[in-house]
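Coordinate inspection notes
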Amino acid sequence: MEARDKTRFTNRGFTLIEMIIVLLLLAMLLGVAGFVFVVSLRAWDSGCIRGGIREDTSYAMEKVVRDLKEMALRSLSQYSSIAHTVQYKDFAGNTYVLYLYNADDSSFDSTYGESFYDLWKANIPGDDPASGEGTLILRDLVSPDGTAPATALTISSTQVTLDFVVQRSDEIVRIRTKVRPRNL
Amino acid sequence: MIELLIAIVLAASGLMVLMQLMGVAIFADSDLEYSLTALNLANEKLEDLKDSDYSSVTSATESSISGFPFVDDRVVTVSEVNTDLKDVQVAVRWTQKGGQQSIQLRTYIADY
């Protein structure tokens, strides 16, 4: 009798309440794990996009700043009086234009009606800025306040303000600086 | 039963560590972005000062910068090395992870 009781005690299974508690705990744990996983994926996506924007924007900033600092004496102006364009010469006498271009914008003037513009560098007269010719510097520029026109390049009498606001998906990165060309 | 509870506690501990790691990774990303932006804003101020009259290169503090809400302030500290030379430092400060971060740029501006 005693041996049978011992066997019954050591081989007893879980009670229903124990199983329910464990299942509830497991469910909570899986819920937390799932939430963490989803949040991690979103953060990863966002990080990848923002990282790409930062890389592209830094490259563009470095390229434009270097060009403008090394331009020829007193060669800075707007191209055809169009806002957000910068025309300058290098020491070899080549003329370049930095400009914003969107193929859907049929008028190449100071009116920027599209949401997105790309920053290009044209070597004129060979490249035609009105047709989007030249070298692509930076894609997906938007206006800082979300409304057209874009305000990427602004010239004052002795300075160029570079205000690059790039949007891809829902991610927006803004980097702004000024350049005072050394030979202005 | 006790084994299962121990297993759950261990798994929960592991998850907590993972969540902390995730937080570190996300903050590291925004650290980089804020640093890059602050560096350019500091450079912007330096370029402004280089473009100013020598007499108007003075110490000043901007308590905010429009378009960059994460920035606490931008501080210009000027000390005269001699009558024709100023030591200029620009610091951009922001708050992150409960502490204040900053980036400083320094240059000399001469009255030439």
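Okay, the interface of chain A and chain B next. Contacts between the two partners involve 27 residues from chain A, matched on the other side by 23 residues from chain B. Counting residues per element, the ones that place at least two in the side of chain A that touches chain B are α2 (16-69) and β7 (171-179) of chain A. Per-element accounting of the side of chain A that touches chain B gives the leading share, 15 residues, to α2 of chain A. Tallied by class, the residues present in the side of chain A that touches chain B amount to 14 nonpolar, six polar and seven charged.

All names here are of chain B. Reading across the sheet, the four strands line up as β1-β2-β3-β4 and stay open at both edges, with antiparallel pairing between neighbours. Each end of this open sheet is capped by a strand with a single partner; those strands are β1 (60-62) and β4 (99-110). Ignoring which end each strand starts from, the neighbouring axes of this sheet average 15 degrees apart. The pairing of strand β3 (residues 85-96) with β4 spans twelve bridges and is antiparallel.

With that settled, the discussion passes to the confidence of the model for chain B. Of all residues in chain B, 97% have pLDDT values of 70 or greater, and the mean over the chain is 87. Listed scores for the predicted complex are pTM 0.79 and ipTM 0.76.

All names here are of chain B. Where β1 lies against strand β2 (residues 71-82), three bridges are found, and the strand directions are antiparallel. When the sheet's bridge partners are listed, alanine 60 is paired in β2 with valine 76. Where β2 meets β3, ten bridges bridge the pair, whose relative direction is antiparallel. The partner of valine 76 across the bridge, within β3, is valine 90. Between β2 and β3, which follow one another and run antiparallel, lie two residues.

With that out of the way, let us pick up unusual backbone geometry. Residue and element names in this part refer to chain A. Look at the link from isoleucine 124 to proline 125: it is a cis peptide, with omega at 10 degrees. The topology assignment puts proline 125 in the loop between β3 (117-124) and β4 (135-141). Non-glycine residue histidine 84 carries a positive phi angle of around 60 degrees. Structurally, histidine 84 can be placed in the loop between α2 and β1 (86-89). Classification of histidine 84 as buried rests on a count of 22 C-beta atoms within 10 Å.

Over its 54 residues, α2 of chain A extends 78 Å from the first C-alpha to the last, a length consistent with the 80 Å expected when each residue adds 1.5 Å. Three or more residues of α2 of chain A are buried, namely Arg50, Ile53, Thr57, Ala60, Met61, Val64 and Leu68 of chain A.

Counting 33 residues, the largest nonpolar core has Leu119, Leu141 and Phe164 of chain A as the members making the most contacts within it. For this core, the secondary-structure elements that each account for two or more residues are α2, β1, β2 (95-101), β3, β4, β6 (160-168) and β7 of chain A. Once you skip the residues sitting within four places of it in the chain, leucine 119 of chain A turns out to touch Ala60, Leu98, Leu100, Ile137, Leu138, Leu141 and Ala152 of chain A. Listed in part, the ten residues of the second largest apolar core include Leu41, Leu46, Leu49 and Val88 of chain B.

The rules behind each value
Residues numbered from 1 in each chain as written. Chains lettered and ligands numbered in written order. Predicted model: local features only at pLDDT ≥ 70, side-chain atom pairs only at ≥ 80, totals over all residues. Contact = placed C-beta atoms within 7 Å. Helix = DSSP H or I, 4+ residues; strand = E, 2+ residues; numbered from the N terminus. Nonpolar A, V, L, I, M, F, W, Y, C, P; charged D, E, K, R; others polar. Pairing = 2+ DSSP bridges. Axes fitted to C-alpha atoms, helices over the stretch in contact; angles between N-to-C directions. pLDDT = per-residue confidence, 0-100. Buried ≥ 20, exposed ≤ 12 C-beta atoms within 10 Å, placed from the backbone. Expected span 1.5 Å × (residues − 1). Core = buried A, V, L, I, M, F, W, Y, C linked by C-beta atoms within 7 Å.

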